[in-house]
Amino acid sequence: GLELVCNEFMKGASGRQVIQRDAKQRMLPSLQSVFEPAVDGYHLALTIDQVIQYIAERELDEVFQKTRAKAASIIVMDPFTGKILALANRPTYNINTFYVSNHDMRRNRAVTDCYEPGSKFKIITASGCLEERVLSPSDRIFCENGEYKFRSRILHDHTSHGWLTFKEVIGLSSNIGTCKAAQKLGEKKLGEYIDRFGFGKKTGIELAGEAGGLVRPVSGWSKISISSIPMGQGIAVTTLQMICAYSVIANGGNLVKPIIIDRVINEKYKTIKKFEPCIVRRVIREDTAAVMKDFLVNVVENGTGKSAKIENLKVAGKTGTAQKIEADGTYSHSKFMSSFFGFVPADKPLFAIGVVIDEPRTMYYGGVIAAPVFKKVAQEAYKYMKVKQTSDKW
């Protein structure tokens, strides 16, 4: 969609020449002849790194085919600048033979498709609780041994838990513990943090068809929304919005605008327009972000994200496994969105990575399906970036 969005830069201008000819079509010299040369359009220099793009596409292809998934997306982003280093979707199409593709193949799912995020959305609740100091990492929450009745709804955890610290609640992805934490935060404050993290509105990236997600105002929440929204149900997001949210934690608390165009240049490589990184706003304090990093490291080292562990490299991330909605409005027991979002290295992040697999037909847990993809991409991209940084110094 870049050519569509940036057509004003790229289209250039047609030239024209007006001349006189005689009856035999011979050109006649004339003082009234007009010649206006054509003007070339400008070129786009993208933030995409071709090596990281190759790594991301290769790994996405493998999991897409292996799991026989309906679709898949991946984004790799610099969490400090918002620069998109890689972005890919499956299924895809050959731009040279676009006429044999359908709409599903051409859609940029990472920015156009909205879906319920599932457990990876729990970072919003956790960040809000820490920022407002209603809970500390060591505070204990009783997780009802796996079954909790909240008004007209019964919540379940995939594994039964008794007493857990708040840090363990996020690490073990307890729905019940997250719901109880959200009740302490309150509906109004939770709604504020959902807004501050950028959900419910477009990021403003230079790509066509971006969706803003679906977020109801707190005034429109039902009596049980406080038990569903904190764990990623009853709200719809895009993959791009989620990678921006995780970048907030990675960079120390700021929401950055994602950018995919680095600059506009002419045929002589002179910069015509530069797209500078932009901090939208501060979302959480640095100390809150630091604690959240520790939470996400714990997810990988001791919780549901162990498949994302990389030897000699500290990884921060969160799994997500969300049930899809059936046509009758009920949650499916066979269709899932599996995902893993995080960043590496946890202490000084070079990039944030988000992987989403739509309806995998084998295993469906995010920690089993998406986390290994994250690991492979992060591992190779990290090695490449370290070599690149060393080369740049020389």
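Within each chain, residues carry numbers counting from 1 in the order of the written sequence. Per-residue local features are limited, in this predicted model, to residues with pLDDT of at least 70; the limit for side-chain atom pairs, both in listing and counting, is 80 or more; totals at the level of whole chains, interfaces and linings are taken over all residues. To obtain the side-chain values, all non-hydrogen atoms of the structure were included, while hydrogens and water were left out.

(A) Broad picture of the overall build of the protein. Here a helix means four or more residues in a row that DSSP labels H or I, a strand means two or more in a row labelled E, and each is numbered from the N terminus. When helices and strands are counted, the protein shows 14 helices and 18 strands. Over its C-alpha atoms, taken along the principal directions, the protein stretches across nearly 95 × 55 × 40 Å. Residue burial in the protein is summarised as follows: out of 394 residues, 52% are buried. The contacts in the protein between residues at least 6 apart in sequence include a share of 69% that link residues at least 24 apart. In these tables, accessible area is a Shrake-Rupley quantity obtained with a 1.4 Å probe, and a residue counts as shielded only by the protein chains included in the view. With the model as given, the accessible surface of the protein reaches about 19,200 Å², and the carbon-plus-sulfur share is 51%. Taken together, the 55 basic and 41 acidic charged side chains of the protein have centroids lying 1 Å from each other. For each residue, the accessible area found with a 1.4 Å probe, counting protein chains only, is set against the maximum for its type, and the residue is called buried under 20%, exposed over 50%, and partly exposed in between. Contacts are assigned to residue pairs that have any heavy atoms within 4.5 Å of one another. In this charge count, Lys and Arg are treated as positive and Asp and Glu as negative; neither His nor the chain ends contribute. Where a charge lies is defined by one atom per residue type: Lys uses NZ, Arg uses CZ, Asp uses CG and Glu uses CD.

(B) Representation of the packing of aromatic side chains. Classification of ring pairs rests on two measures: the distance between centres of Phe, Tyr or Trp rings, Trp counted by its six-membered ring, which must be within 6.5 Å, and the angle between planes, read as stacked under 30 degrees, edge-to-face over 60 and tilted in between. In the structure shown here, the tally under the stated rule is nine aromatic pairs. Residues phenylalanine 98 and tyrosine 99 carry aromatic rings whose centres are separated by 5.8 Å and whose planes lie at 70 degrees to one another, so their mutual orientation is edge-to-face. The class of phenylalanine 98 is partly exposed, set by a relative accessible area of 47%. What links up through ring pairs into an aromatic cluster is the set Phe336, Tyr364 and Tyr365. By definition, being over a ring means that NZ of Lys or CZ of Arg is both within 6 Å of the ring centre and within 35 degrees of the ring normal. The side chain of lysine 180 reaches across the aromatic face of tyrosine 148, ending 5.0 Å from its centre.

(C) Structural detail: the side chain of threonine 203. Within the fold, threonine 203 resides in the loop between helix 9 (187–196) and helix 10 (225–228). Polar contacts involving the side chain of threonine 203 include one to the main-chain amide nitrogen of isoleucine 205, which spans 3.3 Å. Two N or O atoms form a polar contact when they lie within 3.5 Å of each other; inside protein one atom must be a possible hydrogen donor and the other a possible acceptor, and for residues adjacent in sequence the pair counts only when both atoms belong to side chains. A distance of 2.7 Å separates polar atoms of two side chains, one belonging to threonine 203 and the other to glutamate 210. Aside from chain neighbours lying at most four places away, what touches threonine 203 is Glu210, Leu240, Gln241, Cys244, Lys257 and Pro258.

(D) Spatial organisation of the nonpolar core. If you look at the biggest cluster of nonpolar residues, it comprises 75 residues, and the most contacted ones within it are Phe121, Ile124, Phe166, Ile194, Phe197 and Phe199. Dropping the residues within four chain positions of it, phenylalanine 199 is found in contact with Phe121, Ile124, Ile194, Val215, Val237, Gln241, Met242 and Ala245. Each nonpolar core is a collection of buried residues, namely Ala, Val, Leu, Ile, Met, Phe, Trp, Tyr and Cys, held together in the definition by side-chain atoms within 4.5 Å.

(E) Representation of the sheet that holds strand 5 (residues 43–46). Between any two strands, pairing holds if DSSP finds at least two bridges. As summarised here, the arrangement of the three strands in space is 5-13-14, forming an open sheet in which the pairing is antiparallel. Both outer strands of the open sheet, strand 5 and strand 14 (271–274), are each paired with one neighbouring strand and no more. Sheet twist, expressed as the average angle between the axes of neighbouring strands with direction ignored, equals 25 degrees. Looking at chain direction, strand 5 and strand 13 (residues 261–265) are connected through four bridges and run antiparallel. Each residue of the ladder has a partner; that of leucine 44, found in strand 13, is valine 264. To define axes, lines are fitted to C-alpha atoms, for helices over the stretch in contact only, and angles between the resulting N-to-C directions are given on a 0 to 180 degree scale.

(F) The arrangement of the sheet that holds strand 17 (residues 331–344) in detail. Read from one edge to the other, the open sheet built from five strands follows the order 7-6-18-17-16, with strand pairing classed as antiparallel. The outermost strands of the open sheet, each flanked by one partner alone, are strand 7 (84–90) and strand 16 (316–325). For this sheet the average axis-to-axis angle between neighbouring strands, irrespective of direction, equals 10 degrees. As judged from the six bridges shared by strand 6 (residues 71–77) and strand 7, these two strands associate in the antiparallel manner. Each residue of the ladder has a partner; that of isoleucine 74, found in strand 7, is alanine 88. In this fold helix 12 (residues 286–302) packs onto strand 16 and strand 17, with an angle of close to 75 degrees to the strand it touches most, strand 16.

(G) The arrangement of the packing of helix 6 (residues 122–131) against helix 8 (residues 175–185) in detail. Where helix 6 contacts helix 8, the axes come no closer than 9 Å and their chain directions differ by 40 degrees. With respect to their mutual orientation, helix 6 and helix 8 come out oblique. For helix 6 against helix 8, the interelement crossing comes out left-handed. Only Asn175, Thr178, Ala181, Ala182 and Leu185 of helix 8 make contact with helix 6, whose side of the interface consists of Lys122, Thr125, Gly128 and Cys129. The nonpolar class holds Ala, Val, Leu, Ile, Met, Phe, Trp, Tyr, Cys and Pro. Asp, Glu, Lys and Arg form the charged class, and all remaining residues, Gly among them, are polar. Partitioned by chemical class, the residues of the contact of helix 6 with helix 8 number four nonpolar, four polar and one charged. Relative orientations are named as follows: roughly parallel for angles under 35 degrees, roughly antiparallel for angles over 145 degrees, roughly perpendicular for angles from 65 to 115 degrees, and oblique for any other angle. Each crossing gets its handedness from the near helix: less than a right angle anticlockwise from the far helix is left-handed, clockwise is right-handed.

(H) Local environment of helix 3 (residues 50–67). Taking 1.5 Å per residue as the helical rise, helix 3 with its 18 residues ought to reach 26 Å, and the 26 Å between its terminal C-alpha atoms agrees with that figure. Of the residues making up helix 3, those classed as buried are Ile52, Gln53, Ile55, Ala56, Glu59, Leu60, Val63, Phe64 and Thr67. Projected down its long axis, helix 3 carries its buried residues within an arc of 160 degrees, all on one side. In this structure, helix 3 carries Gln50, Tyr54, Gln65 and Lys66 as exposed residues pointing more than 90 degrees from its buried face. Helix span, as expected, comes to 1.5 Å for every residue beyond the first. Arc definition: directions from the helix axis to the C-beta atoms.

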